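# Descriptive analysis of the structure
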Number of protein chains: 2
Amino acid sequence: MNDTGAQKSPSDSKYTDMANAIRALSMDAVQRANSGHPGMPMGMADVATVLFSKFLKFDPAKPDWPDRDRFVLSAGHGSMLLYSLLYLTGYKDMTLEEVKNFRQLGAKTAGHPEYGHADGVETTTGPLGQGLATAVGMALAEKMQASRFNGIVDHFTYVIAGDGCLMEGISHEAISFAGHFNLNKLIVLWDDNDISIDGKTELAVSDNQIKRFEAMGWDAQSVDGHDPVAIEKAIARARETNKPSLIACKTTIGFGSPNKAGTSGVHGAPLGDDEIALVRKELNWPYEPFVIPEKILDQWRTVGTKGARHSSEWERNLDALGSEAKAAFERSLNCSLPAEFEEAIAAYKKRLSEEAPGWATRKSSQEALKVVNGIVENTVGGSADLTGSNLTMTEQTVPVTPTDFSGRYVHYGVREFGMGAIMNGLALHKGFIPYGGTFMVFTDYARPAMRLSALMEQRVIYVMTHDSIGLGEDGPTHQPVEHLASLRAMPNINVFRPADAVETAECWELSLKARKTPSVLSLSRQGTPLLRLDHTAENLSAKGAYELSSSAHDAKVTLLATGTEVAIAMDAQKVLEAEGIGTRVVSVPCWELFDAQSPDYREETLGPGTIKIAIEAGCSLGWHKYIGTDGVFIGIDSFGASAPAEELYKHFGITSEAVVAAAKEKL
Amino acid sequence: MNDTGAQKSPSDSKYTDMANAIRALSMDAVQRANSGHPGMPMGMADVATVLFSKFLKFDPAKPDWPDRDRFVLSAGHGSMLLYSLLYLTGYKDMTLEEVKNFRQLGAKTAGHPEYGHADGVETTTGPLGQGLATAVGMALAEKMQASRFNGIVDHFTYVIAGDGCLMEGISHEAISFAGHFNLNKLIVLWDDNDISIDGKTELAVSDNQIKRFEAMGWDAQSVDGHDPVAIEKAIARARETNKPSLIACKTTIGFGSPNKAGTSGVHGAPLGDDEIALVRKELNWPYEPFVIPEKILDQWRTVGTKGARHSSEWERNLDALGSEAKAAFERSLNCSLPAEFEEAIAAYKKRLSEEAPGWATRKSSQEALKVVNGIVENTVGGSADLTGSNLTMTEQTVPVTPTDFSGRYVHYGVREFGMGAIMNGLALHKGFIPYGGTFMVFTDYARPAMRLSALMEQRVIYVMTHDSIGLGEDGPTHQPVEHLASLRAMPNINVFRPADAVETAECWELSLKARKTPSVLSLSRQGTPLLRLDHTAENLSAKGAYELSSSAHDAKVTLLATGTEVAIAMDAQKVLEAEGIGTRVVSVPCWELFDAQSPDYREETLGPGTIKIAIEAGCSLGWHKYIGTDGVFIGIDSFGASAPAEELYKHFGITSEAVVAAAKEKL
C-alpha cells in the first residue's frame, strides 16, 4: 500500500514555495532556450506538487524499481514540469545543468519528454492523447502483473492530460477501454484551463468531460487546481474508488504571470524577460534564475528521499516470497526468451519443411504462435476486433476480462490506435511482450502509436494480415497498396513480409529477438505454397534477403520478391529456366535487416550484372534501391479494386506470365 | 422543407415486405458473391425502410440534386443495405445485374460503397468511423451553404453507424465537433446490435452511448430498431430538436436467420444455402433469389418517384431567386477558379521575384493564400488548433461559429483526423474547397482521411507545416522524417514541397487546379531565401522538377533537392562552380507531377551522365528512382533530435559542405 506521507496541511507556505520552484525553473528554462511551453507547468505546479509530495510512490535513487507508481505527462509539451520535478526530487541524472540545457542538442531535457533520455521519464509524450492511452496500457499491465504475482505488484498510474489530449480521438479509445476493463488504479488529472493554442477552447469544443468520462464508467470529479487541500482530497478519493478516475483540475494557464496568465500567449512561447521579472514579484520569488533556495530544495529532496522507504519495503516483500517466486518475477520482468526457444523454432521449421503446408501466412503466423506461446510465457496477444481474421489467438491465450486479468489475450475492440498505444504501455511497464493484430491497411489508424514504438525502441509486434489486393472482395478501402513502403520509411521498425510458413516462423523469431525494435508482420489472407522445402536450422530471414532458388544456368535474371509474390517468382523462374534463361529467385522478407548486411553480401545477393525484376503486390516506392533505374517493378501503383483475389492479380498484371514477359523484353 | 410522405402506419404488411426485400437481396447477393456482410443489412432493414420511405428527401432520377438529404452508410461493410435501397428505389445505374455482380470486378457494387462507382453513394465508407466524420463535414457544409444561399439549402444528413464506428477514436472527434457547432440537422442511426466481429460487444466495450452523446451536446434516444412506429417517432423527433441527434436502434444482427441472428457468425460471412432457405421460411419470403415481386418493387419505386416532387419544387425555388442568384449558387457549387485567378498568381509571383522575401514557406503559403482567398470565394480554411503556426488564416477567412456559419475558417480543434474527414465531407457536399493545417508529423494522425481524399479523388488541400528537423527544439516526436516518403507512396495525392515563396505560390495554384487529386503542401517553419529571382509567368512547378540553376561549365554534377534544402544545393553549387566543377541544381517540388512528364524530359532534367546527389531533410526511401544506385543521398534515415534547427542540420550532416564533399568524392 502506498504511503501518502506526512499529512500536514499543504496550504502552508512550504507548499506554495515548492510549487513556485516548479514555476520558476520552468519559465527560466524556457526563456533560456528561447523555446518551449511555460504555461502548463506554471498552471499545473500546484497539482503536481500535491501529487508528488503526498501520493506518488517513487524513489529517485531507484528510478526503475518495478512497483513504483507510474507518472505520465500526456501533455508532453509541458516537459519542464516533469524535468523540474525530477531535478527537485533528486533524480541523479537530472542535474541543474541539464535543466539549463533544456532543448539543446544531447541534453536529457528534450523539448518533449523522450523515453530513455532521463530517468523518471516513463514514456515519450508530445503527440497528443497518446500519453493517456499508453498509461492505460501501463495500468492494464499492473493489473495483469498483480494477478500473476500476488502482493508485490500494487501501484497507481497517474496521468496529467491537457485539453488537446482529450480532444484527440485516441482519448476516446483509451478511456473507453479503461472504463470497460475497470482499471481503477488509473487516475487522470486533467489540466482544465480553457485554453488551447488557437485561443479559448470554446472556439472548438464544449464537451462535458465529467459526463463523458462517467459515460465510460469512470469516476469523475472537478476541483480548483490551485487549492491544494481540494486537490489532495480529490486524489485521495480517486485512489479509493473502484473505477478509473478523472479529476478535472480547474487551473489558470501560466499561473503567476500578471499579463499573460489565462491566455494562449503563455502556452508555447517564452514569457520574455520583462514578464518574468513581474512573475517573480507576483509569486514573491526573488531568487535568480535557476536558483532554488536551499530550504525549498531540501523540502523537495525530502520528498524524494522518502521514496527509499517504499522501495526497500517492497524489496523486503519480494524477498519474503522466497527465491523461486522472486526468480520467477525477475524472469518475467526481464522477458528474456527461454533457452529452449531457438531449438523449438528449428524443430517446428523442420516439421514444416517435411509437411509443406500451403497456408496463408496469417495461418502460418498462428501456427508459429502456438509454438511461441507455449514456450514464451510473457507474450500477450490481442486484436482490434479481428481475432478470427488475424488469427492472433492460440489455446494458451485466454482473454483478459474486467474481473480476471490472469489471461494472455486482449480484446482491444475496434481501436487500432488504442491497441498500439496500449501495447506500448504494456511493453514500457515491463513484464510483457505484446503483439496485436488488425488488417494491414489499418496500420494507417495505428500509425502514430507505431511511430512511438519505434522511437521508444519497444518490442511491440504488429500482426498485420490481409496484406495486399490478395484480400480480394473487400475492395480498395481494405487493400493496402502503399503500406509496406510507408512503414519501411519509418526509422527503427522491422517490416517483415514472409513468403511461406517457414519464413513466417523465422520472422516471428526475429521479432521476438529484436528487443529494441518493434516489428510489423505483413501477412496474407490467401494461401501460398511452402517454398522452403529443404530444412535448415539457420534463420535465413535474418539476413533480410537471401537466394531462395539458384539458377541451373548462368544467371541472367534475378527475381526479387516478398510474401505471397515469392511463389509467383518461383513459377516464373521455372518457365524461364526451362527456356534456358538462367534465373535466380531472391526472397526479401525484411529490407531493414538486408540493408544492415555487408555491401558484399548485398551485392552478391542482388545478382550483379543480372536483369533485376522486383515483384510485390504493393507500390514501387523504394524498390529502385535494389533494382536500379534499369530494373523492372511488377506491382501496383494505384488503388486496388473489389473482386476475387485471383482476378485482381490478373487485372493488375502481377502474374508469373508478366514476370516472364518482362524478363524476356529486357534480355 | 422535407415532406415525410403519406403517413400510413408503417407496421402494416407492406412495410414488412419492403424491409424483407432488403433482407432477401442482401443475403442473396452475399451468398452469390460468396463474400460479404449480410448481418447488418438484415438487422437495419426496418430502420432503413422507415428512413427512406418516410423521411429521406432524394430523387433517384436526379442523384446529384444539390439539396437532397445526404445518406451515409458509415458501417460500410453493410454495403448491400445501400445497394438494395438504390436498386429498389429506382436509381437507373443500380440494376439487378449490378446487384447480382456484388463484389465482382468492374461492378458498381464494390465490397464497400465506393464514391463515384454508383449514383447515390455519397462517400466511400468501410474504414470505420470515417463515414460518421465525413457526414459531419456534409452537415457543416449544409449550414455554411444555407447561410450563404438563404432558402434553397435546407437538408438533413443521415448516418447509419455501427458499434465499430463508435469505438473508433475518430467518432469522438466527429461527435464532439458536431456537438460544439450544434449541427442539428445531422441524425445518426446507431445499429445497436451488441455484436462485433470478435463476438458480443461486451468483450471490449461498455460505453453508455446515450450519456456519451449527451455529454457532447447531442440529443439522444433509444428505440426498438424493429418497431417501425417507434423508429418513425424517433426520427421525427430528431428532426425537430435543435441539436444533432443520436438514435440508438436496438436491433438483432441478421434478423430473420433462425440459427445465426444475434451472433457474430452472421456479421461477415454468407449465410449458406441451408440457412438462407430457413430465412425465406421465417420471413415468409417464398420468392427466388433476386426476385422482388412486382407489388413490392412498385411500393419501393413509388418511394423513389415521389422524390421528383422534392427536386422539382426545389428547382422552382431556385428559379424564383432570379438568374443572378441562381448563377451565383451554381458557380459556388461548381467551385471553378475565376478567370482572373491565373493572372493574379502571375502578378503575385512577379512581385515576389522583385522583392525576394526570405520567408519560411509556411509564411509564403499564407501570403499566397491572401491572394487566393481574395479571388476564390469557395476556399474554407482551418487548422487543428495550430492557426498561428500553420498560418492558414487570412483576413478573408472569418471563423465559423456555432451561431454564424457565414465564415470561411474552421477552428477544428485538436482533431487532425477529424479535420481530414470533415474536409472530405465539405468537398463531397460540393460548394467548398477546403484546406486545413497541422504539423507535417501529424499527417500520421490524419492519414486515414487523407487516403480517402485520394481514393475519392477530392480536392482537399492539406497545409502541413514544420516539415522537417528544421522545426528544431520540439524534437523527434514533432519532426517528420519518413512523412514525405510515406505520403509519396500513397496513390493519387500530390505531395508538394516548395523551395521558396514563388514555388509556394505555384504549388498553391496547382493544388487548386487539381480537381480530382488532393494535395499536401509540405512547408517549413524556418526561413529560406527566395531562389526564383527571374520572374516567369509559367508555372515551373507544374512539371514537378525543373532545372532551377544551370552550370556555367560542362555539368558534371546534378543536385536534386526539395523545399528548404534547395537553398543548400544552391550554396553547394556556388562552391563547386567556383572550383570549376560544373554543377546544376534541379528543384523537385512534386514527384507525382514529375513522374507524369515525358521520359525525355525526365531524363534531361535528371542530367544524364552526371553525378546525382539528392538533398532532402527526410528519409532516403524512393530517391534511388532518380539518383540510381550510384547516386548520393544526403538526408536523415533516423529519428531527429531536440535542438535549434541550425545545429540539427549540422548534426545530421545536411549542409552544403557535405554536398560539396560528396560531389568531390564521387568525381
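Residues numbered from 1 in each chain as written. Chains lettered and ligands numbered in written order. Predicted model: local features only at pLDDT ≥ 70, side-chain atom pairs only at ≥ 80, totals over all residues. Heavy atoms only, no water.

The name given to chain A in an unreviewed UniProt entry is Transketolase, with Sneathiella chinensis as the source organism. Among the UniProt annotations of chain A, the heading Subunit (unreviewed entry) holds the following wording: "Homodimer." (UniProt positions renumbered as here; feature names shortened; annotations may be inferred.)

### Brief notes about the side chain of Thr157 of chain A
Here Thr157 of chain A lies in strand S2 (residues 157-161). Contact partners of Thr157 of chain A, with chain neighbours within four places excluded, come to Arg70, Ala135, Met138, Ala139, Lys185, Leu186 and Ile187 of chain A. (Helix = DSSP H or I, 4+ residues; strand = E, 2+ residues; numbered from the N terminus. Contact = heavy atoms within 4.5 Å.)

### A short note on the interface of chain A and chain B
It is common to give the size of an interface as the accessible area that goes away when the parts come together. Taken together, the contacts link 100 residues of chain A with 100 residues of chain B. Contact between chain A and chain B buries roughly 7,900 Å² in total, counting both sides, with carbon and sulfur atoms accounting for 59%. Taken together, the connections running from chain A to chain B amount to 8 salt bridges. With its nearest N and O atoms 3.4 Å apart, the salt bridge here joins Lys211 of chain A to Glu214 of chain B. Counting across the interface, chain A meets chain B through 54 residue pairs in polar contact (both at pLDDT 80 or more). If you tally residues by element for the side of chain A that touches chain B, the top one is helix H17 (residues 443-455) of chain A, at 8 residues. (Buried area = accessible area lost by both parts, 1.4 Å probe. Salt bridge = Lys/Arg side-chain N within 4 Å of Asp/Glu carboxyl O. Polar contact = N/O pair within 3.5 Å; in protein donor to acceptor, adjacent residues only side chain to side chain.)

### What to know about the relation of the copies chain A and chain B
Of the two same-sequence chains, chain A is brought onto chain B (RMSD 0.0 Å, axial shift 0.0 Å) by a rotation of 180 degrees. Seen this way, the second copy is the image of the first under a two-fold rotation axis. (Least-squares fit on C-alpha atoms with pLDDT ≥ 70 in both.)

### Section: the sheet that holds strand S15 (residues 557-561) of chain B
Residues and elements named next belong to chain B. What the 5 strands build is an open sheet, ordered S14-S16-S15-S17-S18; its pairing is mixed. Bordering the open sheet on either side are strand S14 (546-549) and strand S18 (632-634), each of which pairs with just one other strand. Between one strand and the next, the sheet's axes are offset by a mean angle of 30 degrees, whatever the strand orientation. Of the pairings in the sheet, the one linking S14 to strand S16 (residues 583-587) comprises 3 bridges and is antiparallel in character. Bridge pairing in S16 places Ser549 opposite Val585. Helix-sheet contacts for helix H25 (residues 656-666) involve S15, strand S17 (611-615) and S18, and the interaxial angle to S17 is about 160 degrees. (Pairing = 2+ DSSP bridges. Axes fitted to C-alpha atoms, helices over the stretch in contact; angles between N-to-C directions.)

### Notes on the pattern of salt bridges
On inspection of all chains with the given rule, the structure shows 68 salt bridges over all chains. When the shortest N-O distance is used, the salt bridge between Glu565 of chain A and Arg497 of chain A registers 2.6 Å. With Glu565 of chain A in helix H20 (residues 565-578) and Arg497 of chain A in the loop between strand S12 (494-496) and helix H19 (501-513), this pair connects stretches of sequence that are 68 residues apart. Among the salt bridges present, the one from Lys350 of chain B reaches Glu354 of chain B, with a minimum N-O distance of 3.2 Å. Here Lys350 of chain B pairs with Glu354 of chain B, and both are found in helix H13 (residues 341-355), just 4 residues apart, close to one helical turn. The class for Lys350 of chain B is partly exposed, based on a relative accessible area of 41%. Looking at Glu354 of chain B, the relative accessible area reads 55%, which means it is exposed. Shared partners join several salt bridges into a network, and the residues in it are Arg68, Arg70 and Glu122 of chain A. (Buried < 20%, exposed > 50% of the residue type's maximum accessible area, 1.4 Å probe, protein only.)

### Structural notes on the packing of helix H1 (residues 13-33) of chain A against helix H2 (residues 39-55) of chain A
All names here are of chain A. Packing of H1 against H2 leaves a shortest axis separation of 8 Å and a crossing angle of 135 degrees. In this view, H1 runs oblique relative to H2, as classed from their interaxial angle. Relative to H2, H1 is oriented so that their crossing is right-handed. For the pair formed by H1 and H2, the contact residues are Tyr15, Met18, Ala19, Ile22, Arg23, Ser26 and Met27 on the first element and Pro41, Met42, Ala45, Asp46, Thr49, Val50 and Ser53 on the second. Its residues assigned to classes, the contact of H1 with H2 shows 9 nonpolar, 3 polar and 2 charged. (Parallel < 35°, antiparallel > 145°, perpendicular 65-115°, else oblique. Left-handed = near helix turned anticlockwise from the far one by under 90°. Nonpolar A, V, L, I, M, F, W, Y, C, P; charged D, E, K, R; others polar.)

### Looking at the pairing of strand S13 (residues 519-522) of chain A
Residue and element names in this part refer to chain A. Here S13 shows a buried face lined by Ser519 and Leu521 and a second buried face lined by Val520 and Ser522. Bridging between strand S11 (residues 461-465) and S13 involves 4 bridges; their strand directions are parallel. Its bridge partner lying in S13, Tyr462 is registered against Val520. Inspection of the sheet shows S12 paired to S13 by 3 bridges, in the parallel sense. Bridge pairing in S13 places Val495 opposite Val520.

### Quick notes on the state of the cysteines
Residue and element names in this part refer to chain B. Under the defined criterion, the tally for this structure stands at 0 disulfides over all chains. Unpaired in this structure, Cys249 has its nearest cysteine sulfur neighbour in Cys165, at a distance of 13 Å. Accessibility expressed as a relative area gives 0% for Cys249, which makes it buried. (Disulfide = S-S within 2.5 Å.)

### Brief notes about the UniProt feature "domain: Transketolase-like pyrimidine-binding" (unreviewed entry) in chain A
As annotated by UniProt and renumbered to match this structure, "domain: Transketolase-like pyrimidine-binding" (unreviewed entry) occupies residues 359-530 of chain A. Taken end to end, residues 359-530 of chain A is 38% helix and 16% strand, and its two terminal C-alpha atoms sit 8 Å from one another.

### Side note on helix H9 (residues 228-240) of chain B
Every α-helical turn comprises 3.6 residues, leaving residues that sit three or four positions apart pointing alike. All names here are of chain B. Given a rise of 1.5 Å per residue, 13 residues ought to cover 18 Å, and the 19 Å separating the end C-alpha atoms of H9 matches this to within 8%. Every buried residue of H9 is listed here: Pro228, Ala230, Ile231, Glu232, Ala234, Ile235, Ala238 and Arg239. Buried residues belonging to H9 abut helix H1 (13-33), helix H2 (39-55), strand S2 (157-161), strand S3 (186-192), strand S6 (219-224) and strand S7 (245-250). The opening residue of H9, the one whose side-chain oxygen lies 3.0 Å from the backbone nitrogen of Val229, is Asp227. (Expected span 1.5 Å × (residues − 1).)

### Section: empty space enclosed by the protein
A water-sized probe, rolled over the atoms, reveals where empty space remains. In total, this model carries 13 cavities of 30 Å³ or more according to the counting rule given. Each pocket or cavity is described by its volume, and for the largest cavity that value is around 130 Å³. Around the largest cavity sit 15 residues that line it, and Glu173, Phe417 and Tyr445 of chain A together with Phe417 and Tyr445 of chain B are the ones nearest its centre. Looking at the lining of the largest cavity, the elements with two or more residues in it are helix H7 (169-180) and H17 of chain A together with helix H7 (169-180) and helix H17 (443-455) of chain B. (1 Å grid on protein atoms, 1.4 Å probe; cavity = no way out; pocket = protein on both sides within 12 Å on 5 of 7 lines; lining within 4 Å. Points joined across faces, edges and corners; volume = space filled by probe spheres on them.)

### Focus: the sheet that holds strand S1 (residues 70-73) of chain B
Residues and elements named next belong to chain B. In spatial order, the strands read S1-S2-S3-S7-S6; together these 5 strands make up an open sheet with parallel pairing. Two strands close off the open sheet at either side, each with one partner strand: S1 and S6. Neighbour to neighbour, the strand axes of the sheet diverge by 15 degrees on average, direction disregarded. Relative to S7, S6 runs parallel, the two sharing 6 bridges. From the neighbouring strand, Asp219 faces S7, where its bridge partner is Ser245. Seen against the sheet, H2 touches S1, S2, S3 and S7 and runs at an angle of roughly 155 degrees to S3. Helix-sheet contacts for helix H5 (residues 130-148) involve S1, S2 and S3, and the interaxial angle to S2 is about 175 degrees.

### Focus: the confidence of the model for chain A
All names here are of chain A. On average, residues of chain A score 96 in pLDDT, and 98% of them reach the 70 mark or higher. In the model, residues 1-11 has pLDDT below 50 throughout and makes 28 contacts with residues more than four positions away in sequence or in other chains. Scored as a whole, the predicted complex attains pTM 0.97, and scored at its interfaces, ipTM 0.97. (pLDDT = per-residue confidence, 0-100.)

### A few points about the packing of H13 of chain B against helix H14 (residues 361-375) of chain B
Residues and elements named next belong to chain B. Two numbers describe how H13 lies on H14: the axes approach to 10 Å, and their chain directions differ by 150 degrees. H14 is crossed by H13, and the crossing has right-handed handedness. Only Ser364, Glu367, Ala368, Val371, Val372 and Ile375 of H14 make contact with H13, whose side of the interface consists of Phe341, Ala344, Ile345 and Tyr348. Considering only residue class, the contact of H13 with H14 consists of 8 nonpolar, 1 polar and 1 charged.

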